[in-house]
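Structural features, examined
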Amino acid sequence: MQKLLRHYLVAFGLLLTGVVATAQTRVLTGTVREPNGSTLPGVSIVVKGSTTGTQTDGNGAYKLSVLPNATLTFSFIGKTSQDVATGNRTTLDVTLVDDTKSLQEVVVVGYGTQRKKDLTGAIASVSSEDFQKGNIVNPEQLIAGKIAGVQITSGGGAPGAGSTIRIRGGSSLNANNDPLIVIDGVALDNTGISGAPNPLSFINPQDIETFTVLKDASATAIYGSRASNGVILITTKKGRANSDLRVSVSTLASISTPNRYIQTLGADEFRTLIGQIGTADQKKQLGAANTDWQKQIFQNSLSLDNNVSVTGAIAKVLPFRASVGYNTQNGILKTSNFDRTSLSLGLSPKFLKNSLSVDLNVKTSFIGNRFADQGAIGAAATFAPTQPVYSGNDKYGGYFEWVDPATQKPNTLATKNPLGLLEQRTDKSTVSRTIGNVVLDYKLPWVPGLRANLNVGLDASSGSGTIFVPATAGAAFTRGGVNNQYSQTKTNTTAEFYLNYVRDLRALQSRVDITGGYAYQDFRRKSPAYPDLRADNTVVSPAGVDFETQNRLVSFFGRANYSFRDRYVLTGTLRYDGSSRFSPTNRWGLFPSMAAAWNIKEEGFLRNVKAISALKIRVGYGVTGQQDVGSDYPYIARYTPSDLTSQYQFGNTFYRTYRPEGYDANIKWESTTTKNLGLDYAFANGRISGSIELYQKNTKDLLAVIPVPAGSNLTNQILTNVGSLENKGVEFSINANPVRTTDFNLDLGFNITYNQNTITNLTKVPTPNDPGVLVGRISGGVGNTVQIQTVGYPTYAYYVYRQVYDAAGKPLEGVYEDRPNPEGVADGKITIEDRYRYKSANPNVFLGFTAQASYKRWNAGFVLRSNIGNYVYNNIRSNFGALRGITNSTGYLSNVLPDAVYTGFKNNQYFSDYYLENASFLRMDNINLSYSLGKPGKRANLRITASMQNAFVITKYTGIDPEIQGGIDNNFYPRPRISSLGLNLDF
């Protein structure tokens, strides 16, 4: 009886405790966000020490009954878990930051994914949260300054202009130096198309989830003959199963403003100069206007970027994402414009009890371009500032032009009206591109760990355009105007199949990951021929022959990854490629790689050292290729149409003849051998992490243009495999999260790369005194060059005379250093042998520094980039820096730069190193600020953003911009400063 009574008393006590506890609980609500202000659905929230908990809904909101002073644990995959005391609050908002230790435990690699701990190659990845912010038109701009060893240089400020991407320096002289780009499994044809030269301008940056860059041969060799310049894997955003419908709407308005102008003489300065050195006729030609021609052709411009995306899962089982975007970008050079409408759809269902995964991706873009005549930039620097913009009559479209006094027709030698060059030329194109693929991934039930993957894709594009200049325009008056058109279609068909076997061999404390497959890719291009027409459609020259070509690539590939005790990892890769671009003798190539890694952190002596989160050494060796040699059939004898100036006359009709071209029957792909030594590290629970890489790339069978003996071929110079090139360097990157609290978070990133580039051979037989190959064509004179390819020097080294100066430091016209010949003797005269090789357009060092901070609902950050050691030949100064522009003009006046007045040069000194300038720079690429306004409605989240791109540049370079791809500054479309304001609404 007493035992029964005791049980009743215990039960009553527990019931009473429960009643009291229930009376003390309160409902706690809140929202969980990411550092950028976006809400985070699916976050697990548990009362610490209990099983009570909940999850955030599709808008990141939660509701939970808790006792006072409880502690809640917030956790989400890829985020750092947080324990937060509730106190007596009824509302608690939390921001979860990335867990640098667990984020991206699975990394995208060529043909599949791998565990991060099993990686042996040099691979870097940037996710959408870390992308550059602002008016980003082209995808590659998202990661500028973010990854060590990756240099991204925009082609200028023209709307939609693409960028040059170099991974660990270029591997070629005359073949393609661009990396292979693979988007959702489709290897792109990255050669551009007529009307849209930038191949990546078709991809809406808002659709991209991650950029993964494969840098060394261990990572890239599985792509074989196309991987010498690295590989970029782009993954787009996808829907998730069991997720609620989410809609995201964003709009961004941007103002672009000119940043710098070419320094020229003003109208009054020009009048003074003409008064001093001009002839009587030239003094009469002075006008009364005060025209700043650069301000006439440049403008402040407005751009808009609007995007809508819908993400979710139909009936909780069919994940999807659909988006539409519209971007219009007006250039700061008048008449230039870029419009893009993009559509994307992604479906990711699973069937057969999740054994069969289907990934369907379709991306379509329609682009409209209007290209401005960039020759107007140089014309604006030299057109006489004392002349008006408009003539006051209807001739030549109403624009002032210099005319021949005798004929009253435009002076053919004179510079044309800069504004007229722009406004009287209509150069428009319309281009469409569709990239789509279906990936079927099936887990074979009878062999655990084995799956089959089939990828079928298509990359199809078409472009057409017209160029119209009226017959009344001064620039085309003598030929009766222009009314020409062009078009092109391209298709790239992909079919790939591979088997992947992954198995944990627990008895052996091992893990194997084996992949083997087959790939087929077919490229076709068509370009119809059109006649050369005047504005009234009369024929200047008839159409030639339609162009059509095709090339194919067939490949077999395999990769094996073996891990022992999660400490020691070996990876072997092999690809066997066959390309129709080469003869049957040289058609097939084998590209192997081997790599190893040692996870030192997993060793007993470090496993319990809490200060070290990760420590891994990687070493790799491999061979990759380059088969993009500029022609589809360079080994075949062929005939091509003659130039328009080489037509043959029959009666009153002129016909284009066909002529044989030189060729090399033994041409083959370039091959690059890469050695890599890397160290990955992380400290303080992953709050400090990064890597150090040492690499060396040696390219052999380098394609170079060399002279051939007379009569041995149908040309005096031929492109053939003769050279070799070396790139070697060091990369260092570090990421830190020095502050991480409930309200405030700070992330910092820094990377620096040193790259040394050297040509090691350029001839078939050793030629010690061979001067090299002249390159680097400049404006001014006929066929002038200022760069050279020479063994023992970097690519595109400058080849110039050493200028001599007077006691006051002023350059002396035509006076250069008489350099001794190889025997050490100066011959007393200045010849081309007195030129010397000096510096290069390529920087020795480039770096990036990023910072991102969040405080409650505020988020701010910036990206700094710098190049050190790059030089630029200022062709604007050398071309317009002599008084001959005035003294030699007949019937017209030309302006000159102030430098011409300073030096007093009467004639152009094109080959003087006086015009070679140190163009090292520090650029504030991006500054951004955002604020989350919270929820104006029950489900919505509103965020306002502001950003500035190209905020400032610190440099000694005197031209418009120090970042000139190729190193020769002439008619460069300047990069504008872009200020943007945007709104993002998620619901």
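Residues numbered from 1 in each chain as written. Predicted model: local features only at pLDDT ≥ 70, side-chain atom pairs only at ≥ 80, totals over all residues. Heavy atoms only, no water.

1. Describing the overall build of the protein chain
Along the protein chain, the regular secondary structure elements total eleven helices and 54 strands. Taking 2.2 N^0.38 as the reference for a compact globule, 987 residues should give roughly 30 Å; the C-alpha atoms of the protein chain span a radius of gyration of 32 Å, in line with that estimate. Across its three principal axes, the protein chain shows a C-alpha extent of roughly 135 × 65 × 65 Å. Expressed as a percentage of the 987 residues in the protein chain, the buried residues total 51%. (Helix = DSSP H or I, 4+ residues; strand = E, 2+ residues; numbered from the N terminus. Rg over C-alpha atoms; globule rule 2.2 N^0.38 Å. Buried < 20%, exposed > 50% of the residue type's maximum accessible area, 1.4 Å probe, protein only.)

2. Regarding the sheet that holds strand β5 (residues 71-75)
Read from one edge to the other, the open sheet built from four strands follows the order β3-β2-β5-β6, with strand pairing classed as antiparallel. Two strands close off the open sheet at either side, each with one partner strand: β3 (53-55) and β6 (82-85). Across the sheet, the mean angle separating the axes of adjacent strands is 20° when strand polarity is ignored. Bridge count between strand β2 (residues 44-47) and β5: four bridges; the pairing is antiparallel. Looking at the pairing, Val-47 lines up with Leu-72 of β5. (Pairing = 2+ DSSP bridges. Axes fitted to C-alpha atoms, helices over the stretch in contact; angles between N-to-C directions.)

3. Thoughts on the side chain of Thr-494
Structurally, Thr-494 is set in strand β25 (residues 482-505). Here the side chain of Thr-494 touches Gln-521 through a polar contact of 3.3 Å, side chain to side chain. If near-sequence neighbours (up to four positions away) are discounted, Thr-494 is found in contact with Val-186, Asn-455, Val-456, Gly-457, Tyr-520 and Gln-521. (Polar contact = N/O pair within 3.5 Å; in protein donor to acceptor, adjacent residues only side chain to side chain. Contact = heavy atoms within 4.5 Å.)

4. As for the nonpolar core
Counting 37 residues, the largest nonpolar core has Ile-262, Leu-333 and Trp-402 as the members making the most contacts within it. Among the secondary structure elements, those contributing two or more residues to this core are α3 (267-277), α5 (293-297), α6 (375-382), α7 (418-423) and α9 (875-880). Looking at which element gives the most residues to this core, the answer is α6, with five residues. Sequence-distant contacts of Trp-402, that is, excluding residues within four places in its chain, are made with Gln-285, Phe-383, Ala-384, Gln-387, Lys-409, Pro-410, Asn-411, Ala-414, Thr-415, Gly-891, Tyr-892 and Leu-893. Core analysis: the next-biggest nonpolar cluster, separate from the first, contains 24 residues, Leu-142, Ile-183, Val-213 and Ile-435 among them. (Core = buried A, V, L, I, M, F, W, Y, C linked by side-chain atoms within 4.5 Å.)

5. A closer look at the sheet that holds strand β41 (residues 773-777)
Read from one edge to the other, the open sheet built from four strands follows the order β41-β42-β43-β46, with strand pairing classed as antiparallel. This sheet does not close on itself; its edge strands, each paired only once, are β41 and β46 (836-840). Taking each pair of neighbouring strands and ignoring which way they run, the sheet shows an average axis angle of 45°. Looking at chain direction, strand β43 (residues 797-800) and β46 are connected through four bridges and run antiparallel. Bridge pairing in β46 places Tyr-799 opposite Arg-837.

6. What to know about the packing of aromatic side chains
In the structure shown here, the tally under the stated rule is 27 aromatic pairs. For the pair Phe-383 and Trp-402, a centre-to-centre distance of 6.4 Å together with 40° between the ring planes defines the contact as tilted. Residue Phe-383 is located in the loop between α6 and α7, and its partner Trp-402 is located in the loop between α6 and α7; the two are separated by 19 residues in the primary sequence. Per residue, the accessibility class of Phe-383 equals that of Trp-402, and both read buried. Taken together, the ring pairs connect Tyr-111, Tyr-223, Tyr-498 and Phe-557 into an aromatic cluster. Positioned above the aromatic ring of Tyr-801 is the side chain of Arg-835, whose terminal nitrogen or guanidinium carbon lies 5.7 Å from the ring centre. (Phe/Tyr/Trp six-rings, centres within 6.5 Å; stacked < 30°, edge-to-face > 60°. Lys NZ or Arg CZ within 6 Å of the ring centre and 35° of its normal.)

7. Re the pairing of strand β18 (residues 301-314)
Every other side chain in a regular strand lies on the same face of the sheet, so the side chains alternate between the two faces. Across eleven bridges, the pairing between strand β17 (residues 246-257) and β18 is antiparallel. Bridge pairing links Ser-254 to Ser-303 in β18. As defined by bridge partners, β18 adjoins strand β19 (residues 318-330) across twelve bridges and the pair is classed as antiparallel. Among the inter-strand pairings, Leu-304 is bridged to a residue of β19, identified as Thr-328. Linking two consecutive strands that pair antiparallel, namely β18 and β19, is a turn of three residues; a positive phi of about 55° is found at Ala-315 within it.

8. Digging into unusual backbone geometry
Within the chain, Arg-168 stands out as a residue other than glycine whose phi angle is a positive 60°. Secondary-structure assignment places Arg-168 in the loop between β12 (163-167) and β13 (180-183). Looking at Arg-168, the relative accessible area reads 1%, which means it is buried.

9. Focus: the confidence of the model for the protein chain
Caution applies to low-pLDDT regions: their predicted coordinates should not be interpreted in detail. Confidence along the protein chain averages 88 in pLDDT terms, with 94% of residues attaining 70 or more. Across residues 1-23 the pLDDT falls below 50, and counting only partners more than four positions away or on other chains, this stretch makes one contact in the model. For residues 100-104, every residue scores under 50 in pLDDT, and the model assigns this stretch eleven contacts once sequence neighbours within four places are set aside. (pLDDT = per-residue confidence, 0-100.)

10. Comments concerning the environment of Leu-40
Inspection of the secondary structure assignment puts Leu-40 in the loop between β1 (26-33) and β2. As for Leu-40 and Ser-894, which are separated by 854 residues in sequence, their C-alpha atoms are 62 Å apart.

11. A closer look at a nonpolar patch on the surface
Taken together, the side chains of Tyr-568, Trp-598, Phe-605, Ile-617, Val-619, Leu-677, Ile-692, Leu-694, Val-730 and Tyr-754 present a nonpolar region at the surface, about 840 Å² in accessible area. For the nonpolar patch, the secondary structure elements donating two or more residues are β32 (612-626) and β38 (688-707). Tracing the sequence through the fold places Phe-605 in helix α8 (residues 604-607). For Phe-605, a relative accessible area of 58% gives the class exposed. (Patch = residues over 30% accessible without salt bridge, like charges linked within 9 Å, V, L, I, M, F, W, Y side chains within 5 Å. Areas by Shrake-Rupley, 256 points an atom, 1.4 Å probe, with all protein chains shown as cover. Salt bridge = Lys/Arg side-chain N within 4 Å of Asp/Glu carboxyl O.)

12. Examining the pattern of salt bridges
As enumerated under the stated definition, the model contains 40 salt bridges in all. Glu-693 is the salt-bridge partner of Arg-168, the closest N and O atoms lying 3.9 Å from each other. Note that Arg-168 is positioned in the loop between β12 and β13 and Glu-693 in strand β38, a separation of 525 residues in sequence. In terms of burial, Arg-168 and Glu-693 fall into one category: buried. Notably, a salt bridge pairs Arg-865 with Glu-963, separated by 3.0 Å at the nearest N-O pair. With Arg-865 in strand β48 (residues 858-868) and Glu-963 in the loop between β52 (941-955) and β53 (968-969), this residue pair connects regions lying 98 residues apart in the sequence. Residue class for Arg-865 comes out buried when judged on its relative accessible area of 9%. What makes Glu-963 buried here is its relative accessible area of 3%.

13. Notes on α6
Quick reminder: α-helices carry 3.6 residues per turn. Residues three or four places apart thus point the same way. With seven of eight residues buried, α6 lies mostly within the body of the structure. For α6, the set of buried residues is Ala-376, Ile-377, Gly-378, Ala-379, Ala-380, Ala-381 and Thr-382. Buried residues belonging to α6 abut α5, α7 and α9.

14. Here's the deal with α3
If you check which residues of α3 are buried, you get Ala-267, Phe-270, Leu-273 and Ile-274. Projected onto a plane normal to the axis of α3, the buried residues spread over an arc of 120° and lie on a single side. Facing away from the buried side of α3 by more than 90 degrees, the exposed set consists of Asp-268 and Gln-276. Contacts from the buried residues of α3 go to α4 (280-285), α10 (884-887) and α11 (898-903). (Arc of directions from axis to C-beta.)

15. Thoughts on the environment of Ser-342
Note on placement: Ser-342 falls in strand β20 (residues 337-347). Here Ser-342 falls in the buried class, since its relative accessible area comes to 3%. C-alpha separation for the pair Ser-342 and Ala-596, spaced 254 residues apart in sequence, amounts to 42 Å. Within polar-contact distance, the side chain of Ser-342 engages the side chain of Asn-204 at 3.1 Å.

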